[in-house]
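As a plain string of letters, each chain reads:
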Amino acid sequence: VLVVNWPVNSIAPFVFREHRKIRQVDKTSFQNRTDLLEQCVHFNPDVIYTAGWMDKDYLFISRYFRKEGISVILGSDTKWSGTLKQRVASLIGPFILRRIFSAMWVPGPDQYVYGRRLGFSAKQLAEGLYSADQPLFNEAYRRNRNLKKSRYPRIMVYIGRLSPEKGIMDLVQAFRSILPEARNGWQLAIYGIGPLKEKIEFGGDIQHYDFLQPHALAEVLSRSGCLVLPSHEEPW
């Protein structure tokens, strides 16, 4: 597998583990799209997967390989919400996107609806784009199950971006509305980074920790008693 990607987002700085059959290349290392195309042609792929259709260089690569008869899959987690922009896209999608992509891969039903409106048939659409490392988290659950039965951890945990749509301010305000003596020993642990970090007063029963990699996150959940997801909206 050859992975060409943008620089890692500072809000979600995932560290990708090395694998002998996966080669990862930062897109900024290419001088132009021609260099990128040459790299991809040299790799001689059997299938192309493109995340979204906003990057013109990726569209250029996808269009080239589609003309060469290679399967080109469009990945998208945008759900159908009926906005004017989406309605316009659904009108031009069958004439533009369908010429570039042979299939579309989406997380779930809301994105599936959008894919159908973009002109992809049922046979050209697949769900299940996103997944979790289930063995990692299941093992953490099994390892700590008996301990939690005997001494349940009184820690609420929030994991996500510190941004308005995630409802993080609502969570902090709700927790603070409970008097300390009435919290019965419960604490709130917040994991993540984002624009609201400086607006939240941490300390006492509310503690903040920076972004964690998945393997470290499993241990955090093992020590926690309640996961809180206060998001106003989640795309998947």
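See the structure printed just above.
As a starting point, this report considers the structure included with it.

Calculation notes
Residues numbered from 1 in each chain as written. Predicted model: local features only at pLDDT ≥ 70, side-chain atom pairs only at ≥ 80, totals over all residues. Heavy atoms only, no water. Pairing = 2+ DSSP bridges. Helix = DSSP H or I, 4+ residues; strand = E, 2+ residues; numbered from the N terminus. Contact = heavy atoms within 4.5 Å. Axes fitted to C-alpha atoms, helices over the stretch in contact; angles between N-to-C directions. Core = buried A, V, L, I, M, F, W, Y, C linked by side-chain atoms within 4.5 Å. Buried < 20%, exposed > 50% of the residue type's maximum accessible area, 1.4 Å probe, protein only. Parallel < 35°, antiparallel > 145°, perpendicular 65-115°, else oblique. Left-handed = near helix turned anticlockwise from the far one by under 90°. Nonpolar A, V, L, I, M, F, W, Y, C, P; charged D, E, K, R; others polar.

### Points about the sheet that holds strand β10 (residues 226-227)
Next, step 1: The sheet built from four strands is open, its strands ordered β9-β8-β7-β10 with parallel pairing. This sheet does not close on itself; its edge strands, each paired only once, are β9 (206-209) and β10.
Next, step 2: Of the pairings in the sheet, the one linking strand β7 (residues 155-159) to β10 comprises two bridges and is parallel in character. By the bridge assignment, M156 is partnered in β10 with C226.
Next, step 3: Packed on one face of the sheet, helix α6 (residues 168-176) meets β7, β8 (187-191) and β9 and runs near 165° to β8.

### Digging into the sheet that holds strand β6 (residues 125-126)
Next, step 1: With respect to topology, four strands assemble into an open sheet ordered β3-β4-β5-β6, the strand pairing being parallel. Two strands in the sheet have a free side with no partner beyond their single neighbour: β3 (47-51) and β6.
Next, step 2: Pairing of β3 with strand β4 (residues 71-75), which is carried by five bridges, proceeds in the parallel orientation. Directly across from Y49, in β4, lies its bridge partner I73.

### Notes on the nonpolar core
Next, step 1: By size, the foremost hydrophobic cluster in this structure holds 25 residues, and its most contacted members are L36, I61, F65, F101, M104, L118 and F120.
Next, step 2: Listed by contribution, the elements that provide at least two residues to this core are α1 (33-43), α2 (56-67), β4 and α3 (84-100).
Next, step 3: Those residues in contact with F120, other than ones at most four positions away along the chain, are L74, R98, F101, S102, A103, M104, G115 and L125.
Next, step 4: The next biggest cluster of nonpolar side chains, apart from the first, holds twelve residues, and it includes I168, L171, V172 and I206.

### With respect to the packing of helix α5 (residues 134-150) against helix α7 (residues 214-222)
Next, step 1: At a minimum axis distance of 9 Å, the contact between α5 and α7 shows a crossing angle of 20°. The angle between α5 and α7 places the two elements in the roughly parallel class. In this structure, the crossing between α5 and α7 has a hand that is right-handed. Residues L136, F137, A140, R143, N144 and K148 of α5 touch α7, and the partners they reach there are P214, H215, L217, A218, E219, L221 and S222.
Next, step 2: Here the residues of the contact of α5 with α7 are counted per class, giving seven nonpolar, three polar and three charged.

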